[in-house]
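Observations on chain architecture
Here is what each chain is made of, one letter per residue.
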Amino acid sequence: MVTLAEVAQHAGVSASTVSYVLSGKRSISVGTRQRVERSIQELGYHPNAGARALASNRSNIIALMVPLRTDMYVPVMMEIAIAVATTARTHGYDVLLLTGEEGPDAVRRVTGSGLADAMILMDVELDDERLPLLRGTDQPSVLIGLPADTSGLTCVDLDFGATGALCVEHLAMLGHRDIAVIGEAPAVYERHTGFAERTLDGLRSRSRELGLRLLHRPCEGGYDAMAVTLARIFDERPDTTGFVVQNESAVEPLLGLLRQQGRAVPEDVSVVAVCPDQVATQASVRLTSVAIPAQEMGRNAVELLVAKLDGGGTDEVVLIAPELTTRASTGPAPGKS
């Protein structure tokens with residue numbers, strides 16, 4: 001492994017000069033800087049991370065807290081995480097992935113140990129227990145998600161309230177008056193997870209404004225759970241002709257069960273999903289959907305965080321406007337064509 005002393009010898013300068021070029025702590029002439037940088041490149045020198053952190057008082061690491069729960073759709077979480085990691089790398093930061101369900105303890109561990117320069121938090125709840133600690137530390141942070149109170153915080157998320165409203169508006173425009181929502185697993189609502197609660201708020205408020213009847217039923221996903229949920233929906237609301245699905249693992253079981261019952265999509269029943277485009281386009285019926293902009297969310301979070309690390313960022317809430325793509329799963333309500 002190439003050492004700093006070898007770089008200095010190759011460039012014809014002192015070791016301290018190489019150190020100053022790396023840290024930027026002293027002004028170095030352009031010619032000398034270029035010579036050192038050329039030697040670093042030619043020799044393939046990589047500064048020791050520990051020594052660099054001690055010298056600069058920075059680790060050049062961003063902590064990403066993403067609890068991997070069994071009731072969440074992990075591919076979306078990982079797509080966001082990959083976008084965070086790749087964007088962070090373009091700014092010279094590596095990402096430390098914290099996947100445990102540690103809550104406030106994870107925040108304390110990062111802020112108290114110097115593990116990372118800043119934090120990005122995912123799986124945000126409306127009354128998230130981690131938030132008082134974030135507000136009480138000088139360490140920069142960004143939430144991918146929206147709590148009930150965003151004061152003193154920087155957040156980025158899809159506008160899930162507008163997403164719910166958009167789904168209802170689309171079905172109402174097609175003449176559907178009775179709409180059922182297949183939601184996330186019950187535990188997601190019990191935790192008051194922000195994205196699920198905000199989608200539901202948007203669905204309910206817009207349905208009231210449009211005079212629609214809306215029924216919400218959480219679902220664990222999977223065929224058996226979906227069968228029980230669907231039976232309950234048609235028992236309670238036999239005139240249901242529109243479905244909004246916010247649960248990726250329930251999509252294909254729902255479509256299969258509707259086929260078994262002789263309910264054609266979209267002739268008898270219309271289905272709108274809030275899900276990644278890959279799920280919507282690969283379903284047995286191509287789904288009208290609002291996509292989860294996972295990569296945009298991850299990129300935005302890092303850009304906001306780097307701005308804070310560079311001393312130029314302010315607390316703000318960035319909401320990404322939803323876009324609905326019409327595909328084969330929605331059509332006029334029966335008798336409305």
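Residues numbered from 1 in each chain as written. Predicted model: local features only at pLDDT ≥ 70, side-chain atom pairs only at ≥ 80, totals over all residues. Heavy atoms only, no water.

For the protein, an unreviewed UniProt entry supplies the name LacI family DNA-binding transcriptional regulator and the organism Streptomyces vastus.

To continue, consider the packing of helix 8 (residues 160–173) against helix 10 (residues 194–210). Closest axis-to-axis distance for the helix 8/helix 10 pair is 6 Å, and the angle between their directions is 40 degrees. One way to sum up the angle between helix 8 and helix 10 is to call them oblique. Crossing hand, helix 8 versus helix 10: right-handed. Mapping the contact onto sequence places Phe 160, Gly 161, Gly 164, Ala 165, Cys 167, Val 168, Glu 169 and Ala 172 in helix 8 and Phe 195, Arg 198, Thr 199, Gly 202, Leu 203, Arg 206, Ser 207 and Leu 210 in helix 10. Here the contact of helix 8 with helix 10 is composed, by residue class, of eight nonpolar, five polar and three charged. (Axes fitted to C-alpha atoms, helices over the stretch in contact; angles between N-to-C directions. Helix = DSSP H or I, 4+ residues; strand = E, 2+ residues; numbered from the N terminus. Parallel < 35°, antiparallel > 145°, perpendicular 65-115°, else oblique. Left-handed = near helix turned anticlockwise from the far one by under 90°. Contact = heavy atoms within 4.5 Å. Nonpolar A, V, L, I, M, F, W, Y, C, P; charged D, E, K, R; others polar.)

It is worth spelling out the packing of aromatic side chains at this point. A full pass over the atoms with the stated rule returns two aromatic pairs. Judged by centre distance (5.6 Å) and plane angle (50 degrees), the ring pair of Phe 160 and Phe 195 falls under tilted. Of this pair, Phe 160 sits in helix 8 while Phe 195 is found in helix 10, placing the two residues 35 residues apart along the sequence. There is no split in this pair, since Phe 160 and Phe 195 are both buried. Taken together, a centroid distance of 5.9 Å and an interplanar angle of 70 degrees make the contact between Phe 234 and Phe 243 edge-to-face. Here the two residues Phe 234 and Phe 243 agree in accessibility, since each one is buried. Of note, Arg 263 hangs over the ring of Phe 234, and the distance from its end group to the ring centre comes to 3.6 Å. (Phe/Tyr/Trp six-rings, centres within 6.5 Å; stacked < 30°, edge-to-face > 60°. Buried < 20%, exposed > 50% of the residue type's maximum accessible area, 1.4 Å probe, protein only. Lys NZ or Arg CZ within 6 Å of the ring centre and 35° of its normal.)

If you trace the backbone, His 216 turns up in strand 7 (residues 213–218). Spatially, the C-alpha atoms of His 216 and Ile 233 are 8.8 Å apart, while their sequence positions differ by 17 residues. With residues near it in sequence (within four places) discarded, His 216 still touches Val 181, Gly 183, Tyr 189, Leu 200 and Arg 204.

As a further point, take the pairing of strand 9 (residues 270–274). With five of five residues buried, strand 9 is to be regarded as a mostly interior element. The two faces of strand 9 match: Ser 270, Val 272 and Val 274 on one face and Val 271 and Ala 273 on the other face are all buried. As judged from the three bridges shared by strand 9 and strand 10 (residues 288–290), these two strands associate in the parallel manner. Bridge pairing in strand 10 places Ala 273 opposite Ser 289. Regarding the hand of the β-α-β motif, the stretch spanning strand 9, helix 13 (residues 277–282) and strand 10 is right-handed. (Pairing = 2+ DSSP bridges. Right-handed = clockwise from strand over helix to strand, strands pointing away.)

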